[in-house]
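# Residue-level structural notes
Here is how the chains run, residue by residue.
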Amino acid sequence: MTGWVDGTSTLDTGTAEPTRPPAGLSVRCRGLVHLYRTFDGHDVVALQGVDVDIKAGERVAFLGPSGSGKSTLLTLFGGVQRPSAGQIFLGDDEISRLSEKALARIRARRVSTMLQGASRNLLSYATAGQNLGFAKLAMAPGDRRQARGDAELLAQMGLTNQANQVVATMSGGQRQRLALACAVVSNPALLLADEPTSQLSHQDRDEVLDLIHSLGDEFGTTILVVTHQPEVAQTFPRTISMLGGRVGSEGRDGAEYVVVGKEGVLHLPAYVAHDWPPGTLVRVEPERRDRVLLTKPTEEAESERSFDGTAGAG
Ligand code: ADP
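This one's a predicted model, so the numbers in the text were calculated from it and none came from an experiment. (Residues numbered from 1 in each chain as written. Predicted model: local features only at pLDDT ≥ 70, side-chain atom pairs only at ≥ 80, totals over all residues.)

## Side note on the sheet that holds strand β10 (residues 246–252)
Sheet architecture is open: seven strands sit in the order β6-β7-β8-β3-β9-β10-β11, paired in mixed fashion. The sheet is open, and its two edges are formed by β6 (111–114) and β11 (255–258), each paired on a single side. Between one strand axis and the next, the sheet turns by 15 degrees as a mean value, whatever way the strands run. Docked against the sheet, helix α1 (residues 70–77) engages β3 (59–63), β6, β7 (190–194), β8 (222–226) and β9 (238–243), running at close to 150 degrees with respect to β8. Lying over the sheet, helix α5 (residues 172–184) contacts β6 and β7, oriented at roughly 160 degrees with respect to β6. (Pairing = 2+ DSSP bridges. Helix = DSSP H or I, 4+ residues; strand = E, 2+ residues; numbered from the N terminus. Axes fitted to C-alpha atoms, helices over the stretch in contact; angles between N-to-C directions. Contact = placed C-beta atoms within 7 Å.)

What follows is the structure, encoded as structure tokens:
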């Protein structure tokens, strides 16, 4: 990955001390379930038993169709909302059990969540500089001197000339880069970003992506991103695909794996499921300890079996 976007700066380079590279934060969840109660009193099951293990410093893209639970999972990892059931560990802390106060402390010190849509993360009638100042207010007072310098950060984001510009007058790409600057000003150990590059031009998308990856390169930050863009996902060494509130499959270093879920449930890859619709009978024959054969009986085999009396009794 390339380094930070270069920017020429005539601004003060900031008063912050050289920042201590934070070690990334590991993320682990077990049996995560999340329900939303709708206005008319119905429960929507957004997550139904998710188990995920992410090592400190890993970079993972979450994929999956709309409604599969990606954004919900990210907000639970970021402590923005609490799970209905299950456990979440950030490093050694089980955040699903922490008091509000302790959770707020972890959020302020170690985790940054960039919600979907740059404007949800920014004050639109404030300038770029004011937004960074506001983001730093969320940090614990004792940690603020570890914040990254505004001028340096804006230069790295290619926003030096926007320091005094009001967000409402910025382009989509500039807002997205500013939202990222606000998310990383505290030097988080875990960055959670929901669709950070959607609705951007190819050039802006690539710049924002480079910025995100350079965080991992420079600071070892753990980076989890939700995306629907294959061009974005392929820059991540690991992908997790959600399907119906569960982990459906994983990609690691170019290889695709389906993930065994609760009670041994497997999601077939889409290209198989297309020809094997729900209700298809499948024979499961272990071949070796590490290999199982799945067979969809052909119509001839079925009729031969019926004829032999080996199937279809009754
Ligand atoms: P994704 O990010 O994959 O699109 P979400 O996590 O946003 O999925 O949503 C998962 C499920 O939860 C969907 O069925 C969605 O309609 C529902 N959902 C999300 N947020 C809410 C909410 N605030 N109230 C009710 N249902 C919600």
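Still more ground to cover, so stick around.
## Regarding unusual backbone geometry
Its identity is not glycine, yet Asn187 carries a phi of approximately 55 degrees, on the positive side. Within the element layout of this structure, Asn187 appears in the loop between α5 and β7. In this structure Asn187 comes out as buried when scored by C-beta crowding, with 22 C-beta atoms within 10 Å. Phi is positive for Glu195, close to 50 degrees, though the residue is something other than glycine. By secondary structure assignment, the location of Glu195 is in the loop between β7 and α6 (202–219). (Buried ≥ 20, exposed ≤ 12 C-beta atoms within 10 Å, placed from the backbone.)

## Some thoughts on the pairing of β3
The buried fraction of β3 is high, at five of five residues. Pairing between β3 and β8: four bridges, direction parallel. Bridge pairing in β8 links Ala61 to Val225. As defined by bridge partners, β3 adjoins β9 across four bridges and the pair is classed as parallel. Opposite Leu63, over in β9, you have Ser241 as the bridge partner.

## What about the site of the ligand?
Within the structure, the ligand sits among Tyr36, Thr38, Val44, Ala46, Gly64, Ser66, Gly67, Ser68, Gly69, Lys70, Ser71 and Thr72. Looking at the shell around the ligand, the elements with two or more residues in it are β2 (43–54) and α1. A per-element tally of the shell around the ligand places α1 first, with three residues. When its residues are assigned to classes, the shell around the ligand shows three nonpolar, eight polar and one charged. (Near = placed C-beta within 6 Å. Nonpolar A, V, L, I, M, F, W, Y, C, P; charged D, E, K, R; others polar.)

## Notes on the environment of Met139
Residue placement: Met139 occurs in the loop between α3 (128–137) and α4 (150–156). Taking the C-alpha atoms as reference points, Met139 and Val185, 46 residues apart in sequence, are found 9.6 Å from one another. Leave out the neighbours within four places in its chain, and Met139 touches Ala108, Arg144, Ala147 and Ser186.

## Some details on the packing of α5 against α6
Taken N-terminus to C-terminus, the directions of α5 and α6 make an angle of 10 degrees; their axes are 10 Å apart at the nearest point. Between α5 and α6, the angle falls in the class roughly parallel. Contacts between α5 and α6 involve Gly173, Gln176, Arg177, Leu180 and Val184 from the former and Asp204, Val208, Leu211, Ile212 and Leu215 from the latter. The residue inventory of the contact of α5 with α6, partitioned by class, reads six nonpolar, two polar and two charged. (Parallel < 35°, antiparallel > 145°, perpendicular 65-115°, else oblique.)

## Here we look at α3
By the burial criterion, the buried members of α3 are Ala128, Asn131, Leu132 and Ala135. The arc enclosing the buried residues of α3, seen along the axis, measures out at 100 degrees, which places them on a common side. (Arc of directions from axis to C-beta.)

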